[in-house]
Amino acid sequence: RAKADGRGTFRFYDARLDDELQRRRRLGAELRDALAADALVLHFQPLMDAASGRIVGYEALARWPHAERGWVPPASFIPLAEQTGLIEDLGAWVLRAACREAARWPAPLSVAVNLSPAQFRRDGGIAEVVAEALRDSGLAPERLELEITESLLMARTEPVLRALRELRGLGVSIAMDDFGTGYSSLAHLWRFPLDRVKLDREFTHSLADDAKVGVIVGSVVSMAHALGMHVTAEGVETEAQRQALAAHGCDVLQGFLLGRPQPADRLPHQSADTALV
Ligand code: C2E
Ligand code: MG
Ligand code: MG
Ligand code: MG
């Protein structure tokens, strides 16, 4: 498509696109190999009860340790997995590994697992994968929470509703992740069987900038509670944020202040002096 029109700009642009395409293709192939070699890992970030300061569970976060590139962040390899169709296998691996790990924690500690909308593409597929992960690990279903995103609820309402009901039927709970970043509101989400909303860290981080943010957080919390849902606040980095979010009625807090994502052998519930009361 490059035009030899003397300006050279098109050719230059196409060459760069080519490079980018090749780079992504290579990375995609490497991700496939990493998954096949069982080289991906999970880190776990504590979820803390806002009132008591007790750890109630962990969110599983996928990590790709890459020989040359270091730790490739999920923000780049999850979209890649979605584009290359690898997400089904990757997602199933995450579910199996997270459930297997959580089954070793003392009850009632729970594990939260992120699901990509792409994992809902095949009818009945996701419930089967979750049921198998529970069966193989022996983890009680009430100790597994699945995190979905608003974008999932935008398209294909009927099949998604069916899948969520199937999942709920297994006894697991469903959380809406990054709530507030999309366009949906609780007034729309009531149709879906949700047990929890996770307020995006954007809210946490702008709490101090404007009193209006506190008003929004407070009303999301009371609406969620009135609808029978729990609320988790993400991105808690300061003591002031922690106190404000607790005062606004958030049930669970998550963020670097309370604990970074960590490998499974270093999780804080294993040491005695961790309750940040
Ligand atoms: P998320 O599900 O919203 O996960 C929380 C992200 O916020 C994590 O980033 C976590 O490290 C980060 N975080 C936690 N506390 C703080 C804080 O106090 N401040 C700040 N600035 N950030 C904080 P991470 O691990 O890089 O993951 C990014 C996203 O990638 C996740 O966002 C999730 O959407 C996706 N992801 C991660 N693992 C998986 C997975 O296994 N499957 C799928 N489908 N998506 C995943
Ligand atoms: Mg999440
Ligand atoms: Mg989140
Ligand atoms: Mg988030």
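The structure we're discussing is the one just above.
Summarised in this report is the structure supplied together with it. The structure presented is a predicted model; accordingly, all values stated were derived computationally and were not measured.

Here we look at the coordination of the magnesium ion (ligand 3)
Phase 1 of the analysis: Within the protein, the magnesium ion (ligand 3) binds to Asp177 (OD), Asp178 (OD) and Glu234 (OE); these donor distances fall in the range 1.8 to 2.7 Å.
Phase 2 of the analysis: Every donor residue of the magnesium ion (ligand 3) comes from the same chain, spaced as D-D-x55-E.
Phase 3 of the analysis: Metal-to-metal, the separation of the magnesium ion (ligand 3) and the magnesium ion (ligand 2) is 3.4 Å; Asp177 coordinates the two. You can see Asp178 sitting in strand 6 (residues 173-179) and its partner Glu234 sitting in the loop between strand 8 (230-233) and helix 10 (239-247), a full 56 residues away along the chain.
Phase 4 of the analysis: We classify Asp178 as partly exposed; its relative accessible area is 24%.
Phase 5 of the analysis: Under the relative-accessibility criterion, Glu234 is labelled buried at 11%.

Digging into the packing of aromatic side chains
Phase 1 of the analysis: Considering all chains together, one arrives at 3 aromatic pairs under this definition.
Phase 2 of the analysis: On the numbers, 5.3 Å between centres and 85 degrees between planes, the contact of Phe44 with Trp105 is edge-to-face. In this pair, Phe44 sits in strand 1 (residues 41-49) while Trp105 sits in the loop between helix 3 (87-102) and strand 4 (110-114), placing the two residues 61 residues apart along the sequence.
Phase 3 of the analysis: On the basis of relative accessible area, Phe44 is assigned to the buried category, the value being 2%.
Phase 4 of the analysis: Ring centres 6.0 Å apart and planes at 85 degrees place the aromatic pair Trp64 and Phe77 in the edge-to-face group. One end of the pair, Trp64, is in strand 2 (residues 55-66); the other, Phe77, is in helix 2 (residues 74-84), and 13 residues separate them in sequence. Here Trp64 and Phe77 have matching classes, each one buried.
Phase 5 of the analysis: Taken together, Phe44, Tyr58 and Trp105 form an aromatic cluster joined through their ring pairs.

Some thoughts on the nonpolar core
Phase 1 of the analysis: Grouped together as the largest cluster of nonpolar side chains are 78 residues, with contacts concentrated most on Leu144, Leu146, Ile148 and Leu167.
Phase 2 of the analysis: If one sorts the elements of this core by residue count, helix 3 sits on top with 9 residues.
Phase 3 of the analysis: Residues contacting Leu146, with those up to four places away along its chain left out, are Leu95, Val113, Leu115, Val130, Leu167, Val172, Ser173, Ile174 and Ala175.

Some remarks on the coordination of the magnesium ion (ligand 2)
Phase 1 of the analysis: Every protein donor of the magnesium ion (ligand 2) is accounted for by Glu59 (OE), Asn114 (OD1), Glu147 (OE) and Asp177 (OD), and the metal-donor separations fall at 2.0 to 2.2 Å.
Phase 2 of the analysis: Sequence spacing of the donors to the magnesium ion (ligand 2): E-x54-N-x32-E-x29-D.
Phase 3 of the analysis: Under the relative-accessibility criterion, Glu59 is labelled buried at 4%.

Thoughts on the pattern of salt bridges
Phase 1 of the analysis: By the definition in use, this model includes 9 salt bridges.
Phase 2 of the analysis: The partner of Lys198 in a salt bridge is Glu59, with the nearest N and O atoms 2.9 Å apart. Highlighted residues: Lys198 in strand 7 (residues 196-199) and Glu59 in strand 2, separated in sequence by 139 residues.
Phase 3 of the analysis: Here Glu147 makes a salt bridge to Lys198, at a shortest N to O gap of 2.6 Å. Note that Glu147 is positioned in strand 5 (residues 144-148) and Lys198 in strand 7, a separation of 51 residues in sequence. There is no split in this pair, since Glu147 and Lys198 are both buried.

Digging into the layout of surface pockets
Taking a probe equal in size to a water molecule and rolling it over the atoms shows the remaining empty space.
Phase 1 of the analysis: Its volume calculated, the largest pocket comes out at about 1000 Å³.
Phase 2 of the analysis: In this structure, the largest pocket is lined by 37 residues; those nearest its centre are Glu59, Leu61, Pro74, Asn114 and Asp177.
Phase 3 of the analysis: Taken together, the elements giving at least two residues each to the lining of the largest pocket come down to strand 2, helix 2, helix 3, strand 5, strand 6 and helix 8 (201-206).
Phase 4 of the analysis: Counted by class, the lining of the largest pocket contains 15 nonpolar, 11 polar and 11 charged residues.

Some details on the environment of Pro65
Phase 1 of the analysis: With respect to the helices and strands, Pro65 occurs in strand 2.
Phase 2 of the analysis: The spatial distance from the C-alpha of Pro65 to the C-alpha of Ala34 is 9.0 Å, given a sequence separation of 31 residues.

Quick word on the side chain of Gln119
Phase 1 of the analysis: Turning to its location among the elements, Gln119 is positioned in the loop between strand 4 and helix 4 (125-137).
Phase 2 of the analysis: Looking at Gln119, its side chain comes within polar contact range of the main-chain nitrogen of Ser116, at 2.8 Å.
Phase 3 of the analysis: Those residues in contact with Gln119, other than ones at most four positions away along the chain, are Ile87, Gly91, Ala92, Leu95, Asn114 and Ile126.

What counts as what
Residues numbered from 1 in each chain as written. Chains lettered and ligands numbered in written order. Predicted model: local features only at pLDDT ≥ 70, side-chain atom pairs only at ≥ 80, totals over all residues. Heavy atoms only, no water. Donors = N, O, S within 2.8 Å, 3.2 Å for Na, K, Ca; no water. Helix = DSSP H or I, 4+ residues; strand = E, 2+ residues; numbered from the N terminus. Buried < 20%, exposed > 50% of the residue type's maximum accessible area, 1.4 Å probe, protein only. Phe/Tyr/Trp six-rings, centres within 6.5 Å; stacked < 30°, edge-to-face > 60°. Core = buried A, V, L, I, M, F, W, Y, C linked by side-chain atoms within 4.5 Å. Contact = heavy atoms within 4.5 Å. Salt bridge = Lys/Arg side-chain N within 4 Å of Asp/Glu carboxyl O. 1 Å grid on protein atoms, 1.4 Å probe; cavity = no way out; pocket = protein on both sides within 12 Å on 5 of 7 lines; lining within 4 Å. Points joined across faces, edges and corners; volume = space filled by probe spheres on them. Nonpolar A, V, L, I, M, F, W, Y, C, P; charged D, E, K, R; others polar. Polar contact = N/O pair within 3.5 Å; in protein donor to acceptor, adjacent residues only side chain to side chain.

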